Amino acid sequence: MDLKNVCVYCGSSPTLDPAVEKEIRAFGSALATRGVGLVYGGASRGLMGAIADEVLAAGGKVTGIIPKALEGREAAHRGLTELKVVGTMHEREQLMFDLSDAFVAFPGGYGTMEEIIEMITWKQMGIHGKPIVIANIGGYFSPLLQQFELAVQKKYARTEDRILFGVADSTKAVLTFLEGAPVLSRKAGDWA
Ligand code: AMP
């Protein structure tokens, strides 16, 4: 995997599904083993905390990024390799994007879905060509993927845009995708 840092979006809540926690922890230790850093939202709780803890326990590097206003309110992880505090949520999204070579969504709520869809949207617009993977563990994202298909059928999304992201049903499949994924060389405006 020719990647320095991978950004993971996932729930700030704990999962009810032990298989999801097992897979995200396996992904965290696989990143550490490969010398790939984790970039994420900086929380100590939920699935977010689980993957950060796992990477750190395996000797890997974790960069957390949180907006100033949330620093006190949210349980920021104090044991990270680096915790970057930024001004706004928009600055956070931008910095997570700038620091990362690929984006992976594991199960989560609104925040997770918003963040991964933003990366797909930016790729659709030609702002970047970095790999994006939806880790559809236990079929969690299947209804969302069906919605994406409906958008294609109704011509709100282009058929060729299906390649903007990969779908993987396990950590192993996420790694396989990332190891083989090309970084597309589109420039901003090419597809606009
Ligand atoms: P959610 O899926 O709604 O729990 O939101 C999780 C995603 O949104 C993460 O990938 C974070 O980047 C961001 N996020 C939402 N809530 C928090 C929080 N309390 N602390 C840190 N990041 C959060």
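The structure contained in this document is the topic of the report that follows. (Residues numbered from 1 in each chain as written. Predicted model: local features only at pLDDT ≥ 70, side-chain atom pairs only at ≥ 80, totals over all residues. Heavy atoms only, no water.)

**Points about the pairing of strand 1 (residues 5-9)**
If a strand is regular, its side chains alternate between the two faces of the sheet.
Piece 1. With 5 of 5 residues buried, strand 1 lies mostly within the body of the structure.
Piece 2. Of the two faces of strand 1, both are covered, the one formed by N5, C7 and Y9 as well as the one formed by V6 and V8.
Piece 3. Of the pairings in the sheet, the one linking strand 1 to strand 5 (residues 102-105) comprises 4 bridges and is parallel in character. Its bridge partner being in strand 5, V6 is matched across the sheet by A102. (Buried < 20%, exposed > 50% of the residue type's maximum accessible area, 1.4 Å probe, protein only. Helix = DSSP H or I, 4+ residues; strand = E, 2+ residues; numbered from the N terminus. Pairing = 2+ DSSP bridges.)

**Comments concerning the layout of surface pockets**
Piece 1. Computed from the structure, the largest pocket encloses a volume of approximately 390 Å³.
Piece 2. Around the largest pocket, the lining comprises 17 residues; the ones closest to its centre are I120, F148, A151, A157 and F165.
Piece 3. A class-by-class count of the residues in the lining of the largest pocket yields 10 nonpolar, 3 polar and 4 charged.
Piece 4. Taken as a whole, the second largest pocket encloses approximately 330 Å³ of empty space.
Piece 5. Around the second largest pocket, the lining is made up of 22 residues, and of these S12, M48, R92, G111 and E115 lie nearest the centre.
Piece 6. For the lining of the second largest pocket, the secondary-structure elements that each account for two or more residues are strand 1, helix 4 (89-99) and helix 5 (110-124).
Piece 7. If one sorts the elements of the lining of the second largest pocket by residue count, helix 5 sits on top with 5 residues.
Piece 8. A class-by-class count of the residues in the lining of the second largest pocket yields 10 nonpolar, 6 polar and 6 charged. (1 Å grid on protein atoms, 1.4 Å probe; cavity = no way out; pocket = protein on both sides within 12 Å on 5 of 7 lines; lining within 4 Å. Points joined across faces, edges and corners; volume = space filled by probe spheres on them. Nonpolar A, V, L, I, M, F, W, Y, C, P; charged D, E, K, R; others polar.)

**Thoughts on the pattern of salt bridges**
Piece 1. Taken as a whole, this structure holds 6 salt bridges when the rule is applied.
Piece 2. For E54, the salt bridge goes to R25, with nearest N and O atoms at 2.7 Å. One end of the pair, E54, is in helix 2 (residues 46-57); the other, R25, is in helix 1 (residues 18-33), and 29 residues separate them in sequence.
Piece 3. On the basis of relative accessibility, which here comes to 26%, the residue R25 falls in the partly exposed class.
Piece 4. K84 is the salt-bridge partner of E82, the closest N and O atoms lying 3.2 Å from each other. (Salt bridge = Lys/Arg side-chain N within 4 Å of Asp/Glu carboxyl O.)

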